[in-house]
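Next come the chains, spelled out residue by residue.
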Amino acid sequence: MDRRLFLAGTAAIVVLPLGPAAATPDAMAEAIKKVIGEATPIEGRMKLDVPPLVENGSTVPLTVSVESPMTEADHVKAIHVFNEKNPQPNVFSARLGPRNGKAMVGTRIKLGDSQRIVAIAETSDGKFWSVGADVIVTLAACLEESP
Amino acid sequence: MSNILVNAPKTAKRGDVVEIKALIMHPMETGFRPGPNGRIIPRNIIERFTATWNGAEIFAMDMSPAIAANPFVSFFAQANESGTVVLRWTGDEGFAAEHRVDITVA
Amino acid sequence: MRRRLLVVGLGLVFVATYAAAQVGSQSGADKRRSGYRDMGEALQKMQDDDTANPGMLFVQLGSQLWAKPAGVANKSCADCHGADAASMKGVATRYPAIPAGSDRPLDLEGRINLCRTQHQSADPLPPENLDLLALAAFVAHQSRGLPIAPPADPRLEAFRQQGEEIYRRRQGQLNLSCAICHDDNAGKKLAGIVIPEAHPTGYPIYRLEWQALGSLKRRLRNCMVGIRAEAWPLDAPEYTALELYLMERAKGLKLETPAVRP
């Protein structure tokens, strides 16, 4: 390896954790506040299905569901997912309605590190619900150097 | 050429709640990673996924760089009438892709 | 007398055990594990569901390329081999092999490139090229569920031996051989992950680390980087030799292409 590249790499390792581009529990709280305003989310009615220990943080399966009849009168309007330690706290925001029949959304996310994931649901009565889960991300061995 | 895999039933009973699963080939480049030259690779993600049933939006998702490469989305839909489900992905660098599925409701 | 009987008895037990171990690959006593079994449930489910397995995007791309004319000859794979690729069933279980038109072993990607130059009058695709991987995934997918069946071609023997020699040779700054991790310490943990037995059952694989499909050569290269060895370029014949040995070692295990691995 080129010595200058090596030095630059070392510097990056030292500097990165101090850089501005990392979410924190505070940044996550801030992002959640943007969605729910002054409301206090109620813990319950939600399920966050994510493996507690993942072999690789680059593709983590995640399913969020909310107990709801999904009728015109009583349904889930939105599901938001947040994280603590990625460069940005937002993961996704999904909009739902009675036509979904079932309030369940699945996707795959990236997690830069072991951290807490929080999902928030907004129901048609204006209430917010929440659920959290801790995910441990192990580091794979024998990775690839930058090409 | 967009490469998309969608799983949805071809037929459903009226009122059935069916699952729709969609995968699309896309790098979901975060905009936070340095490339081989040390410079940050520009962000290139899908920002938005939507689903309509006979033109009416039934589901939408705003994505962030934290969505994994080759994004997978699954959601549910109540089969009220026969029709066409249109899935749409749009994002950075003018990315736009569409996939249509016909579902017959009896 | 009694003592001699005991010795004979022990000998018999040994012979029986040894024989059982030898036929293990044909019976239920096979202890070899595909890396699939070392993954968590979430990743197993991701691989099992064709509508959720991201590798299937590449198989689909491969099926499109299969039908697309290429090269000066303007012929598609389908023109010779048929649109449904049924003729490809079992092919991936036999590679690397020495096909007609080659004087050295080729892996599946090499075989596809031989078809390109011989029959399509097209340029060979470079290693890890998306189209090449997609075609390889499409072809190998036709063999999913079939046991790995290396050919008995005696010309392969020397290459296989070279592969085994590489497998057992210590290399790199960590001074490790493939065998030290994947034979002696398989099943134990390294950096929180179970060390697999390194059976090439699902290539090309969708490796989550890559967030993309990649070949066995790319995976072997990652191992070499991991032990701080100087990795060969991706077109080096050493990889094919190692692949030959690994396929022999995995003989009888079922192909899973496209496999998902962390």
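Residues numbered from 1 in each chain as written. Chains lettered and ligands numbered in written order. Predicted model: local features only at pLDDT ≥ 70, side-chain atom pairs only at ≥ 80, totals over all residues.

Novice: It is not clear to me how the overall build of chain A should be interpreted in this structure. Could you clarify?
Specialist: Along chain A, the regular secondary structure elements total 2 helices and 9 strands. Counting from the amino terminus, helix and strand elements in chain A follow one another as α-α-β-β-β-β-β-β-β-β-β. Across the 147 residues in chain A, those meeting the buried criterion constitute 39%. Sequence-distant contacts, at least 24 apart, represent 68% of the contacts inside chain A between residues at least 6 apart. (Helix = DSSP H or I, 4+ residues; strand = E, 2+ residues; numbered from the N terminus. Buried ≥ 20, exposed ≤ 12 C-beta atoms within 10 Å, placed from the backbone. Contact = placed C-beta atoms within 7 Å.)

Novice: What should I look at first to understand the overall build of chain B in this one?
Specialist: The helix and strand tally for chain B stands at 0 helices and 8 strands. Beginning at the N terminus, the succession of helices and strands in chain B can be written as β-β-β-β-β-β-β-β. Reported as C-alpha extents along the three principal axes, the dimensions of chain B are approximately 60 × 20 × 20 Å. Across the 106 residues that make up chain B, the buried fraction comes to 36%. Residue pairs at least 24 apart in sequence account for 58% of intrachain contacts in chain B once pairs closer than 6 positions are excluded.

Novice: How should the sheet that holds strand 5 (residues 260-261) of chain C be read in this particular structure?
Specialist: Adjacent strands of a sheet pair through backbone hydrogen bonds, lying either parallel or antiparallel. Residue and element names in this part refer to chain C. Pairing is mixed across the open sheet formed by 3 strands, whose spatial order is 4-3-5. A strand with exactly one partner marks an edge of an open sheet, and here the two such strands are strand 4 (212-214) and strand 5. Sheet topology note: the strand 3 (residues 205-207)/strand 5 ladder contains 2 bridges and is parallel. Pairing of Arg 207 across the sheet is with Arg 261, part of strand 5. (Pairing = 2+ DSSP bridges.)

Novice: Before we go on, may I ask you to explain the interface of chain C and chain B in this structure?
Specialist: Frequently, the measure chosen for interface size is the accessible area removed from exposure when the parts meet. Counting residues at the interface gives 8 residues for chain C and 10 residues for chain B. Looking at the side of chain C that touches chain B residue by residue, the class counts come to 5 nonpolar, 3 polar and no charged. (Nonpolar A, V, L, I, M, F, W, Y, C, P; charged D, E, K, R; others polar.)

Novice: Hey, could you run me through the pairing of strand 6 (residues 90-95) of chain A in this one?
Specialist: Taken residue by residue, a regular strand's side chains alternate between the two faces of the sheet. Across 5 bridges, strand 5 (residues 76-83) of chain A lies against strand 6 of chain A in antiparallel orientation. By the bridge assignment, His80(A) is partnered in strand 6 of chain A with Ser93(A). Here strand 5 of chain A folds back onto strand 6 of chain A, and the loop between the two strands holds 6 residues. Bridge analysis of strand 6 of chain A against strand 5 (residues 56-63) of chain B gives 4 bridges, and the strand direction is antiparallel. Each bridged residue has a counterpart across the sheet, and for Ala94(A) the counterpart in strand 5 of chain B is Met61(B).

Novice: Please explain the sheet that holds strand 6 (residues 72-78) of chain B as it appears in this structure.
Specialist: With respect to topology, 6 strands assemble into an open sheet ordered 2(A)-4(A)-7(A)-6(B)-3(B)-1(B), the strand pairing being antiparallel. Across the chains shown, the open sheet's two edge strands, defined by having one partner strand only, are strand 2 (46-49) of chain A together with strand 1 (4-7) of chain B. Each strand axis lies, on average, 15° off the axis of its neighbour in the sheet, ignoring direction. As defined by bridge partners, strand 4 (residues 60-66) of chain A adjoins strand 7 (residues 103-109) of chain A across 7 bridges and the pair is classed as antiparallel. (Axes fitted to C-alpha atoms, helices over the stretch in contact; angles between N-to-C directions.)

Novice: Can you help me understand the packing of helix 3 (residues 55-66) of chain C against helix 7 (residues 130-141) of chain C in this one?
Specialist: To describe two helices that pack against each other, one gives the angle between their axes and the distance between the axes. All names here are of chain C. Between helix 3 and helix 7, whose axes approach to 7 Å, the crossing angle comes to 95°. Looking at the two axes, helix 3 sits roughly perpendicular to helix 7. Here Gly 55, Phe 58, Val 59, Leu 61, Gly 62, Ser 63, Leu 65 and Trp 66 of helix 3 come into contact with helix 7, specifically with Asp 131, Leu 133, Ala 134, Leu 135, Ala 137, Phe 138 and His 141. (Parallel < 35°, antiparallel > 145°, perpendicular 65-115°, else oblique.)

Novice: For this particular structure, what's the right way to read the nonpolar core?
Specialist: A general trend in soluble globular proteins is that nonpolar side chains are found buried together. Formed by 116 residues in total, the largest nonpolar core has its most connected members in Ile79(A), Ala119(A), Ala136(C) and Ala137(C). For this core, the element with the highest residue contribution is helix 7 of chain C, accounting for 9 residues. Ignoring sequence-local partners within four residues, the contact set of Ala137(C) consists of Gly55(C), Phe58(C), Val59(C), Gly62(C), Pro204(C), Leu213(C), Thr257(C) and Pro258(C). (Core = buried A, V, L, I, M, F, W, Y, C linked by C-beta atoms within 7 Å.)

Novice: Got a minute to help me understand the interface of chain B and chain A in this structure?
Specialist: Contact residues are listed per partner, giving 24 residues for chain B and 29 residues for chain A. Counting residues per element, the ones that place at least two in the side of chain B that touches chain A are strand 5 and strand 6 of chain B. At 7 residues, the largest contribution of residues to the side of chain B that touches chain A is made by strand 6 of chain B. Looking at side-chain class alone, the side of chain B that touches chain A contains 19 nonpolar, 4 polar and 1 charged residues. Sheet topology note: the strand 7 of chain A/strand 6 of chain B ladder contains 2 bridges and is antiparallel. Directly across from Thr107(A), in strand 6 of chain B, lies its bridge partner Val73(B).

Novice: Looking at this structure, how should I read the environment of Glu238(C)?
Specialist: All names here are of chain C. With respect to the secondary-structure elements, Glu 238 resides in helix 11 (residues 237-249). Of the residues examined, Glu 238 has 17 C-beta atoms within 10 Å and is grouped as partly exposed. Separated by 135 residues in the primary sequence, Glu 238 and Asp 103 have C-alpha atoms spaced 15 Å apart. Discounting chain neighbours no more than four positions away, the residues touching Glu 238 are Ile 166 and Trp 232.

Novice: Please explain the environment of Val194(C) as it appears in this structure.
Specialist: Residue and element names in this part refer to chain C. Relative to the helices and strands, Val 194 is located in strand 2 (residues 193-194). By the C-beta count within 10 Å, which is 18 here, Val 194 ends up partly exposed. As for Val 194 and Gly 40, which are separated by 154 residues in sequence, their C-alpha atoms are 10 Å apart. Apart from residues no more than four positions distant in its own chain, Val 194 is found in contact with Asp 38, Gly 187 and Lys 189.

Novice: I keep staring at unusual backbone geometry and nothing clicks. Help me out?
Specialist: Trans is the prevailing form of peptide bonds, just as negative phi is the prevailing case for residues other than glycine. All names here are of chain C. Of the consecutive residues Tyr 203 and Pro 204, the connecting peptide bond is found in the cis state with omega at -10°. Looking at where Pro 204 falls in the secondary structure, it is placed in the loop between strand 2 and strand 3. Omega for the bond connecting Thr 257 with Pro 258 falls within 30 degrees of zero, at 0°, which places this linkage in the cis form. Tracing the backbone shows Pro 258 in the loop between helix 11 and strand 5.

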